[in-house]
Every structure is written in structure tokens, then in C-alpha cells.
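Architecture at a glance
Each chain, written out:
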Amino acid sequence: MKIEQDRVVRFHYSVAEAGKDAIENSKEAGQPISILFGRGQIIPGLEKAMEGHEAGDSFKAAVTAAEAYGERRDGLTQRIPKKHFGVQRLVAGMQVVLNTNHGPRAVVIEKVGMSVVDVDLNHPMAGKDLEFDIEIVDVREATEEELAHGHVHGEGGHEH
Ligand code: ZN
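The rules behind each value
- The residue count restarts for each chain, going from 1 along the sequence in the order it is written.
- In keeping with the model being predicted, local features are shown solely for residues with a pLDDT of at least 70 and side-chain atom pairs are shown and tallied solely at 80 or more, while totals for entire chains, interfaces and linings include all residues.
- Working from all heavy atoms in the structure, the side-chain values ignore hydrogens and water.
- Secondary structure elements are defined from DSSP: runs of H or I of at least 4 residues count as helices, runs of E of at least 2 residues count as strands, and each element is numbered from the N terminus.
- For every residue, the accessible area (1.4 Å probe, protein chains only) is compared with the maximum for its type, and the residue is labelled buried under 20%, exposed over 50%, or partly exposed between those bounds.
- Strands qualify as paired when DSSP identifies two bridges or more between them.
- We call an atom a donor if it is N, O or S and sits within 2.8 Å of the metal, or 3.2 Å for Na, K and Ca. Water is not counted, so some sites may look partial.
- A site with four donors is called tetrahedral when every donor-metal-donor angle falls between 85 and 135 degrees; four donors are called square planar, and six octahedral, when opposite donors sit more than 155 degrees apart and all other angles fall between 65 and 115; any other arrangement is irregular.
- Domain delimitation follows an automatic or database domain assignment.
- A fitted line through C-alpha atoms represents every axis, and for helices the fit uses only the stretch in contact; the resulting angles, taken between N-to-C directions, go from 0 to 180 degrees.
- Any N or O atom pair separated by 3.5 Å or less is treated as a polar contact, with the protein-specific requirement of one donor-capable and one acceptor-capable atom, and with residues adjacent in sequence counted only for side-chain atom pairs.
- Residues enter a nonpolar core if they are buried and are Ala, Val, Leu, Ile, Met, Phe, Trp, Tyr or Cys, with the set joined through side-chain atoms within 4.5 Å.
- Contacts were defined at the residue level, with two residues in contact if any of their heavy atoms lie within 4.5 Å.

Right, let's talk about the overall build of the chain for a bit. Tallying secondary structure elements over the chain gives three helices and nine strands in all. Of the regular secondary structure in the chain, the N- to C-terminal order runs β-β-α-β-α-β-β-β-β-β-β-α. Principal axes of the C-alpha set define a box for the chain whose edges measure 55 × 40 × 30 Å. Looking at the chain as a whole, 36% of its 160 residues qualify as buried.

Below, the structure written as C-alpha cells:
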């Protein structure tokens, strides 16, 4: 079964900045990722690269920054009280996850002061061309319920 709009796709991936070692690898985390295809649950460039593939396919996909996490934007530095970072030792260049009103957000530490921390709110992978290694594990039709909810149920998906 080919990957197309509104099918459920399970896949393994690893992602690297172009020409560098992998940053993330779903096999290390153990479980493949499940998505409802064509709903923007993964970056646009990867969705394009996956379309039409089927279970068992392995392939590489080069995705430009614009089709991945977007270009870096200037002026996204924000000063945040240190108490929001918990007890971990903070170092410039470190990537941390902040809990915001809009949910968890990955940010990069720019500068650590006595009581405040400057962070860069650009996505850590913004402005970077990425290379993916993709392995399609499984492709199936979504259920009516999954289509109505807009997400995958069962293995690798929501349980509710
Ligand atoms: Zn649901």
C-alpha cells in the first residue's frame, strides 16, 4: 500500500544536519513514529519525500531549511528568569526544553546571567538543511475515528 493522504504511516528515521552525524534517531528511542499522512504532522519536505513510498522502503531525503523548520529569524532572543529552568546547569549553546503557555518548546541558551537567561526562540534546527534516513515500517488505511480525531490511535499513537 502506497503512502498517500490520510493513510497511517509508521516509520523509523534518523536526521542529521547536512554533512554531519545524526542528531536524532528513532531506533535509539525504540519505537517507530506513527503519523496520519498529509496533515502536517511532520515537516513539509519530508512529507513530500515520503509520498508514494510503501512498507519496506528505505531511502534518503535531503530537505532544505525552508522545507524543514524554516529560516532563522533575528530578534527572537528573549530574557527569561532563571527559576523557569529548574536545577540543571546552564551553558551557552545548550538546548533546553521550556514549558510555555503553548506547550513545550525547544530553545537554545545564548547567555546566562545571575538571575536571568537569554534564549534564542528559533527552533534549534531552523536555518539548517537536513538529511533524513527513512525506513517505512507499515502503511495502512486510517479508521473513521482516526480521521475524525486527526491523529493515529493504537501502536505509536494516542491512547484514549
Ligand atoms: Zn483520538
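What follows continues from the structure just given.
Attention shifts here to the pairing of strand β9 (residues 130-141). Taken together, the eleven bridges between strand β1 (residues 7-17) and β9 define a ladder with antiparallel strand orientation. Bridging from a neighbouring strand, S14 pairs with D133 of β9. In terms of strand pairing, strand β4 (residues 58-63) meets β9 through six bridges, oriented antiparallel. Bridging from a neighbouring strand, V63 pairs with L130 of β9.

On to the coordination of the zinc ion, then. Octahedral six-donor coordination of a metal ideally yields angles of 90 or 180 degrees, compared with 109.5 degrees for tetrahedral four-donor coordination. Listed as protein donors to the zinc ion are H149 (ND1), H151 (NE2), H153 (NE2) and H160 (NE2); their distances from the metal cover 2.0 to 2.2 Å. Considering all four donor atoms around the zinc ion, angles at the metal cover 93 to 122 degrees and the coordination shape is tetrahedral. Sequence spacing of the donors to the zinc ion: H-x1-H-x1-H-x6-H.

This brings us to the domain arrangement of the chain. Each domain of the chain was delimited in the assignment, giving domain 1 (7-69 + 127-149) and domain 2 (77-120). The distance between the C-alpha centroids of domain 1 and domain 2 comes to 29 Å.

Ordered in space as β5-β8-β7-β6, the four strands form an open sheet in which the pairing is antiparallel. Where the open sheet ends on each side, the last strands, each with one partner, are β5 (77-81) and β6 (95-100). Mean inter-strand twist for the sheet, computed between neighbouring axes without regard to direction, equals 50 degrees. With six bridges connecting them, β6 and strand β7 (residues 103-112) associate as antiparallel partners. The residue of β7 that forms the bridge with V97 is A106.

A few words now on the environment of H160. Mapped onto the elements, H160 comes out in the segment after α3 (144-149). Among the polar contacts made by the side chain of H160, one reaches the side chain of H149 at a distance of 3.4 Å. A distance of 3.1 Å separates the side chain of H160 from the side chain of H153, its partner in a polar contact.

Nonpolar side chains in soluble globular proteins generally cluster together in the buried interior. The biggest cluster of nonpolar side chains holds 21 residues, and the ones touching the most others in it are V9, F11, L46, M50, F132, I134 and I136. Elements that contribute at least two residues to this core include exactly β1, α2 (44-50), β4 and β9. When residues of this core are assigned to their parent elements, the largest contribution, five residues, is made by β9. Residue contacts for I136: discarding those within four places in its chain leaves I3, V9, R10, F11, M50, H53, E54, A55, G56, D57 and F59. Counting eleven residues, the second largest nonpolar core, distinct from the first, contains L76, F85, V117 and L121.

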